[in-house]
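The primary structure of each chain is shown beneath.
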Amino acid sequence: MTPITRPDCVRRDDEDPLAGFRREFLLPEGVIYLDGNSLGALPAAAPGRIARTVEHEWGERLIASWNDAGWWDKPRALGAKLAPLVGAAPHEVVVGDGTSANLFKALVAALRLNPERHVVLGEKGNFPTDLYITEGVAEIMGAVERRVDADNRAALAGALAAGDVAVLLLSHVDYRTGALRDMAEITRLAHANGTLVVWDLCHSVGALPIELAGCGVDFAVGCTYKYLNAGPGAPAFVFAAQRHHSAARQPLTGWHGHARPFDFSGEYAPAEGASSFLSGSQPVVAAAALEASLDLWQRVDLRLLREKSVALTELFIEQTRSAGLDLVTPPEPDRRGSQVALRHPEGYPIVQALIARGVVGDFRAPDVLRFGFAPLYLRYADVFDAASALVEVVRSGQWRDPRFAAAKAVT
Ligand SMILES: *Cc1c(COP(=O)(O)O)cnc(C)c1O
């Protein structure tokens, strides 16, 4: 195979149908940002949208904005804008609260829909909040928590075949390894065993096309500050399949999830659709940033996004091979999300040395170097340069400089 050159990459950028989106983000000069899977970049439209919400809607219009600026309906309006990105109908998604809180609501709702069973099956090595929330739910609901290796199909099938699993919670893309799970097949397998499924989409939404309705998924949750670029602490979303709307009961029954909140009734009555998953007041200013981002996402062809994502991860894997690090991410493109994870016992100082050179990735203990590829604002030439920098840092031993060893609070 002839080696890939930088001019090859520049040519691919010239031909890239998604190239124009890069101009819609504000990116710092001299930085190659491979951490959009942790905190997405700032959409150029977001600061203006936030300023308008604060200065006009809040500052001038005050309380009238609950109606006039659509504040009250924002969780539903944004859910409807997000729905096409996950293959759902508009009324099946609402935006609000955080992923952790939405996980709690979805897991309890699923357990209540399957009352004969008392096991929540999670996955070993899932993102900690998923594990912790599951533990908490199990304790409150008198359920039992089990964990399985989600990438071992025989183990997963065996755990479901036990016949006592009420709900299965899996991440669509593993936050550490980048492994992409087969949503259609696993959901089918779970249903065939009488188990409901909650999918965590944190590392797949905005990274690849998702077909929640097409796969018959029961519930899903996800955050908007990773590939969806809605900013730190932005509200999350929850999907509830239409067929569960009449029977599903989530536990945080606040007034925003009420059918007629302005009756100020003393009795709770759930709203229609996914709206019943809302609880209390939502962060309107943060929602403005999400809206700016979702407006941009309406124009993204997810098939092209996935094609570019695969090409970028392929390029990075190929160009970093000579660094000699172990590839943690599945080598088959259709089995990985939009990230590449590499393993090295000195991963932390290597990532720090890369950051010092303007290539931003991150480190996940104990030994994973993680690089996310956001196709809307990354160029092929950036990925080529980032890969060259990694090879040089490892080969030269630059990372051994003691200034790269000191651990920061957020890695
Ligand atoms: C990022 C992430 C979360 C984040 O949860 P928060 O409540 O937003 O802190 C949860 N689950 C997974 C799998 C994640 O990757």
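Residues numbered from 1 in each chain as written. Predicted model: local features only at pLDDT ≥ 70, side-chain atom pairs only at ≥ 80, totals over all residues. Heavy atoms only, no water.

K.L.:
Which parts of the structure should I look at to understand the domain arrangement of the chain?
P.N.:
When the parts come together, some accessible area is lost, and that loss is often what is quoted as the size of the interface. Domain annotation for the chain reports domain 1 (6-30 + 301-405) and domain 2 (49-297). Distance from the C-alpha centre of domain 1 to the C-alpha centre of domain 2: 29 Å. With both sides pooled, the region where domain 1 packs onto domain 2 buries about 1800 Å², and carbon together with sulfur makes up 63% of that total. Inspection of the domain 1/domain 2 interface yields 8 residue pairs in polar contact (both at pLDDT 80 or more). Sorting the residues of the side of domain 1 that touches domain 2 by element identifies α10 (302-320), β12 (339-343) and β15 (368-372) as the ones contributing at least two each. Considering every element that reaches the side of domain 1 that touches domain 2, the biggest residue donor is α10, with 5 residues. (Domains from an automatic or database assignment. Buried area = accessible area lost by both parts, 1.4 Å probe. Polar contact = N/O pair within 3.5 Å; in protein donor to acceptor, adjacent residues only side chain to side chain. Helix = DSSP H or I, 4+ residues; strand = E, 2+ residues; numbered from the N terminus.)

K.L.:
Just to check I follow, could you spell out the UniProt feature "binding site: pyridoxal 5'-phosphate" (unreviewed entry) in the chain for this structure?
P.N.:
In this numbering, the UniProt entry assigns the feature "binding site: pyridoxal 5'-phosphate" (unreviewed entry) to T99, S100, F127, P128, T129, D130, D200, H203, Y225 and W255. Spanning 157 residues, the named residues are also spread out in space, since their farthest C-alpha pair is 30.5 Å apart. Its location among the elements puts F127 in the loop between β5 (119-123) and α6 (128-141). Along the chain, the position of W255 falls in the loop between β10 (237-240) and α9 (284-297). (UniProt positions renumbered as here; feature names shortened; annotations may be inferred.)

K.L.:
Even after reading the chapter, I still don't get the pairing of strand β8 (residues 196-200), so can you show me in this structure?
P.N.:
For a regular strand, side-chain orientation follows a simple rule: the groups alternate between the two sheet faces. The buried fraction of β8 is high, at 5 of 5 residues. Burial of β8 is two-sided: the residues L196, V198 and D200 facing one way and the residues V197 and W199 facing the other way are all buried. Pairing between strand β7 (residues 165-171) and β8: 5 bridges, direction parallel. When the bridges of β8 are listed, L170 appears paired with W199. Each parallel crossover has a hand, and the one from β7 via helix α8 (residues 183-192) to β8 is right-handed. In this structure, β8 lies alongside strand β9 (residues 219-222), joined through 3 bridges in parallel fashion. Note on β9: the bridge partner recorded for W199 is A220. (Buried < 20%, exposed > 50% of the residue type's maximum accessible area, 1.4 Å probe, protein only. Pairing = 2+ DSSP bridges. Right-handed = clockwise from strand over helix to strand, strands pointing away.)

K.L.:
Help me out: how do you make sense of the site of the ligand in this one?
P.N.:
Around the ligand sit T99, S100, F127, T129, D130, S171, D200, C202, H203, Y225 and K226, and that is every residue in its neighbourhood. Note that a nitrogen atom of the ligand is positioned 2.8 Å from one of the side-chain N or O atoms of D130. K226 has a polar side-chain atom sitting 2.6 Å from an oxygen atom of the ligand. Across the complex, the protein chains shield 85% of the 390 Å² of accessible surface that the ligand would expose by itself. Sorting the residues of the shell around the ligand by element identifies α5 (99-113) and α6 as the ones contributing at least two each. (Near = heavy atom within 4 Å. Areas by Shrake-Rupley, 256 points an atom, 1.4 Å probe, with all protein chains shown as cover.)

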